[in-house]
Amino acid sequence: HLLSLHQSEMPLPRHLQGEHLHAALLDAVAAIVMVLARRSPLLLLLEDWHWADEASRDVVLHLAGILDSTAAALVVTSRPEGAGIAELSGRAEVVQLQPLDSASAEAILSAMFRVPRVSPELAARIHERTGGNPFFLEQVAHTLAEEGAVTTSGGVVEIQRDVDGLALPDTVQAVIRARLDRLSDDAREVLRVASVIGREFRRALLVAALDPSVDPARALDKLRAAGLIQQTHVLPEPAYRFKHVLTQEVAYGSLLEHQRRALHGVIGRALAQTAAERVGEVAESLALHFSRAELWPEAIEYGRHAVARLRDLGQYGDALTMVERVRSWLPHLPDDEARRTLTADILLEEERLCETVGQRGRQQQIINELIALLAPHGSSPQLAQAYLRQGDVLTLLESFDAADRAFSTALRLSREQSDAALERNCIRSIGLLRWHEGRHREALEMAERALAIDRARADDAAIAGDLANLGNVLLSLGEHDRARAVLEEALAMPVLADDLVRISYVLHNVANLHRALGDLDTAMAYLRRADDLAGSLPIQRSFHLISIAHIELQQGHVDDAVRTYEEAIELSRRARHATGLAQGLRALGELRLGLGQDVEALPLLREAAALFAQLESRAGEMHLLAQVGRLHERLDEWRTAREVWQNVRTLARTLGDRRAELDALEGLARTARRIEPDRAAVIEAFAQALPFAEAIGDDARAGALHNTLGILEWERGGYAAALAHYETGLRLWRRAGNRAHEGLMLNSVGVTLARLQRYEEACTALEQAAALNHASGERLLEAHALAALGEVSLRLGRRGDAADCYTRARDLRQALGDRDAELELSRRLADLGDPPLSQGE
């Protein structure tokens, strides 16, 4: 298949379609390169890479990942603006070729004229006019030779007249136009027709489009001799290409609009006839020719063939571009029911492609356009399908009420159309909605209804899918025995033997069952089997691999889990599967975060957040951005953290999530504390978070905020305000039942009362704090309370009490291994005179 060699002994496996075929072809190209490189060192030179399509760029990216392990090198040439440059810049050395200097320009001219030297005056003039552009230099040299403007004498090329009088065109296009004007009529006509065909053209197609009076063989020979085209194939039929794309562009531009339109029509019809058995391969070219010929029905027909082929090859980005182009041609058709039906079909194709590449916003827009197009004309299968797709998207966006309404509408329309398969699809989707809502009993009912419809239809493939869904719902309900029974029934169905997607899905559900039962080894065995069967199905494999990595983590195999997550991410990236990629990046990012690998985790979580945003999953985006914000804080990137927390707050407000908004406000307050010089502004930032903590009834977080506000007020000398915050925090921590924080607050209350010179109250609070901290085992807090109590006792003239408190605090510091604090307390005791012995002395 890769080399277009049809062989009955080795047919293409039936499951290799779409992204699966695309992935298999990538592996096949890589295998060829590796085999050749093992035989001898290999150099791959890929020119004009700015013209490469998505699939070709995927091949090069795939090869870039394996070249380090082979005796192979890859050189790609491209215009600076080519998409491939940006993609490869992180994996390859990028060399920007500058304009040629005068010496290099002179060397090229010498080679063109086949002489040892070019007069310095002539070389300088040409170099100045062409700006060191090698193609421009080459064309000027051809022009001078064709015009007889130069002469060779003694191995030196010189101008026949004064150099200052030499007229050179200002642009390379002008040079080419002048060269084309000097061609014979037949050669010029052949070049113009060829320019309509494209950069490359076959002789048979050229002849079919030419006027019979033109001699193509003679003209082609002249064009080759002039260096304007080059032959690329002899067998199975002669083929050529323009040596430079600018030559094609200039030749095409020399045609009048009506000439181009007519030629595109002739070429389109000729190509359709000569390539009748391989329409898919030339469908994109046919669509282009017929659209430029303004033959819209043909353009749309072949455009849809092109979309199908690109989709089958897994080139989803190119397929989406093509379907959008086809859609732009629809207004040229008569405004009737046939156009409306065709438009609906194309919109559904576009919507499916948007789902695959993760353009969730565009997907919703297309569905809305589809409903607006069809709804005024009453019930139809297409309208039912549109509402079904709307419900599926709304389910993923967790807009459950709206999804329910869309599914109910789709179900009613499917029944009006007596379309059992469509009705089954609606019921399946309603079941998925109920499952997402946590209404598992209703989800079970829907799964059973879908199964009953397919049993009545005797659709074994659909039955297998229904059983897999049913098993999943039963697993959610904890009905493990029944789940096992229906999944085993599905596995036993012969229809699954050739349906790798369904059988791998069933096996995955069986693995989930064993994982729920705590049998991780059996679960892993089923997942490995599912992964093996998925083979070259990247979307399915990434799904299995993420679950495999989860189990590897449960088993403590962290390094294996990291590698498995990375493989899943690469598969999803290659397949352009946005959902799988987002989930894989999130899982690996959170794993690295848990391992303390903050720098490695940050780009993973950032990319995952961007993908969740693209998928319109605001909750997922918000959750990931919150982790990104905390990471930037840990990396001391406070200004960046503030920007992230502002985005989190915006999302939280949009979702009405007060707990998440509290997270954001606390994050903004922490960043303000680090970068905001105005202490009052910092206090205001923390104060803004308080009402949210109180509103959600989170005493612990409210207590922590009061503690921070107390510290901030203390730092600026606002002791009365600090005391109010500490006392409120004490009350909240007591209500929350957190004795450690209660002791901390008592410490702060006591110290603040002392600063306000309310020593007796301070003494009472610190005695309570010391007792509470001792009872809760918080030895450091107890030491703090005792040291502060010693200071207050001195203020009250109770030197004995002070000495006792310092001694107890010193002994605690000694036990904690805090040598500096121990020495400081010993100094205080020495100042009091004759300290009592510490324990053990």
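Okay, so let's go over this structure.

What counts, and at which threshold
Numbering of residues begins from 1 in every chain and follows the order in which that chain's sequence is written. The predicted nature of this model means local features are confined to residues of pLDDT at least 70 and side-chain atom pairs, given and counted, to a pLDDT of 80 or more, with totals for whole chains, interfaces and linings taken over all residues. Only hydrogens and water are set aside; all other atoms, that is, all heavy atoms of the structure, feed into the side-chain values. Strands here are runs of E lasting at least two residues and helices are runs of H or I lasting at least four, both read from the DSSP assignment and numbered beginning at the N terminus. With the radius of gyration taken over C-alpha atoms, the globule rule is written as 2.2 Å times the number of residues to the power 0.38. Exposure is judged per residue with a 1.4 Å probe applied to protein chains only, and the accessible area is read against the type maximum: over 50% gives exposed, under 20% gives buried, and values in between give partly exposed. Contact between two residues is taken to exist if any of their heavy atoms lie within 4.5 Å; hydrogens are not considered. With residues, only the protein chains shown are counted as cover, and all accessible areas are computed by Shrake-Rupley using a 1.4 Å probe. The positive count covers Lys and Arg only, the negative count covers Asp and Glu only, and His and the chain ends enter neither. Lysine's charge is taken at NZ, arginine's at CZ, aspartate's at CG and glutamate's at CD. Two strands qualify as a pair provided DSSP detects at least 2 bridges between them. Think of each axis as a best-fit line through the C-alpha atoms, taken over the contacting stretch in the case of a helix, with angles from 0 to 180 degrees between the N-to-C directions. For salt bridges, the criterion is a side-chain nitrogen of Lys or Arg within 4 Å of an Asp or Glu carboxyl oxygen. Only residues whose relative accessible area exceeds 30% and that form no salt bridge are eligible for patches; like-charged ones are grouped when within 9 Å, while nonpolar side chains (Val, Leu, Ile, Met, Phe, Trp, Tyr) are grouped when within 5 Å. Between 65 and 115 degrees an angle is taken as roughly perpendicular, under 35 as roughly parallel, over 145 as roughly antiparallel, and anywhere else as oblique. Helix crossings get a hand from a simple test, with the near helix turned counterclockwise from the far one by less than a right angle marking a left-handed crossing and a clockwise turn marking a right-handed one. Gly counts as polar in this scheme, as do all residues outside two lists: the nonpolar Ala, Val, Leu, Ile, Met, Phe, Trp, Tyr, Cys and Pro, and the charged Asp, Glu, Lys and Arg.

Moving on: the overall build of the protein chain. Scanning the protein chain from terminus to terminus reveals 40 helices and 8 strands. Taking 2.2 N^0.38 as the reference for a compact globule, 841 residues should give roughly 28 Å; the C-alpha atoms of the protein chain span a radius of gyration of 38 Å, well beyond that estimate. Across its three principal directions, the C-alpha atoms of the protein chain cover 120 × 85 × 55 Å. A burial count over the protein chain gives 48% of its 841 residues as buried. Restricting the contact set of the protein chain to residue pairs at least 6 apart, pairs at least 24 apart contribute 60%. Accessible area of the protein chain: about 40300 Å², with a carbon and sulfur share of 49%. Counting 96 positive and 123 negative side-chain charges, the protein chain places the centres of these two groups 1 Å from one another.

So, about the sheet that holds strand β7 (residues 229-233). Read across the sheet, 3 strands follow the order β6-β8-β7 without closing on themselves; strand pairing throughout is antiparallel. The open sheet has two free edges, formed respectively by β6 (200-202) and β7, since each of these has just one partner strand. Pairwise comparison of adjacent strand axes, ignoring direction, gives a mean angle of 30° for this sheet. As paired strands, β7 and strand β8 (residues 239-242) are joined by 4 bridges and run antiparallel to one another. If you follow glutamine 230 over to β8, its bridge partner there is arginine 241.

Moving on: the pattern of salt bridges. One pass over the structure, following the stated rule, counts 64 salt bridges. One salt bridge in this structure joins aspartate 499 and arginine 502, with 2.9 Å as the shortest N-O distance. Its salt-bridge partner being arginine 659, residue aspartate 698 comes within 3.2 Å of it at the nearest N-O pair. Of this pair, aspartate 698 sits in the loop between α33 (679-695) and α34 (699-715) while arginine 659 sits in helix α32 (residues 658-675), and the two are 39 residues apart along the sequence. In this structure arginine 659 comes out as partly exposed when scored by relative accessible area, which is 41%.

Attention now goes to a nonpolar patch on the surface. A cluster of nonpolar side chains, Leu43, Leu45 and Val75, forms an exposed patch at the surface whose accessible area comes to about 280 Å². Here leucine 43 is to be found in strand β1 (residues 42-46). Look at leucine 43 and you get exposed, because its relative accessible area is 57%.

All right, on to the side chain of arginine 592 then. Locating arginine 592 in the fold gives a position in helix α28 (residues 578-594). Looking at arginine 592, the relative accessible area reads 14%, which means it is buried. With residues near it in sequence (within four places) discarded, arginine 592 still touches Val562, Glu566, Gln597, Glu600, Ala601 and Leu604.

This next bit is on the packing of helix α19 (residues 400-416) against helix α20 (residues 420-436). Their axes nearest at 9 Å, the elements α19 and α20 cross at an angle of 160°. If you check the angle between α19 and α20, you find them roughly antiparallel. With respect to the hand of their crossing, α19 and α20 are arranged in left-handed fashion. Along the contact surface, α19 presents Phe400, Ala403, Asp404, Phe407, Ala410, Leu411, Ser414 and Arg415, while α20 presents Leu422, Glu423, Cys426, Ile427, Ser429, Ile430, Leu433, Arg434 and His436. For the contact of α19 with α20, the per-class residue count stands at 10 nonpolar, 3 polar and 4 charged.

As a further point, take the environment of valine 214. Residue placement: valine 214 occurs in the loop between α9 (203-209) and α10 (216-225). Judged by its relative accessible area of 10%, valine 214 falls in the buried class. Sequence spacing of valine 214 and aspartate 185 is 29 residues, and the spatial spacing of their C-alpha atoms is 8.8 Å. Contacts of valine 214, omitting those with residues within four sequence positions, involve Asp186, Glu189 and Val190.

Moving on, we get to the pairing of β8. Judged by which residues are buried, β8 turns out to be covered on both faces: Ala239 and Arg241 on one side and Tyr240 and Phe242 on the other are all buried. Of the pairings in the sheet, the one linking β6 to β8 comprises 3 bridges and is antiparallel in character. Bridging across to β8, phenylalanine 201 finds its partner in tyrosine 240. Once β7 ends, the chain turns through 5 residues before running back antiparallel as β8.

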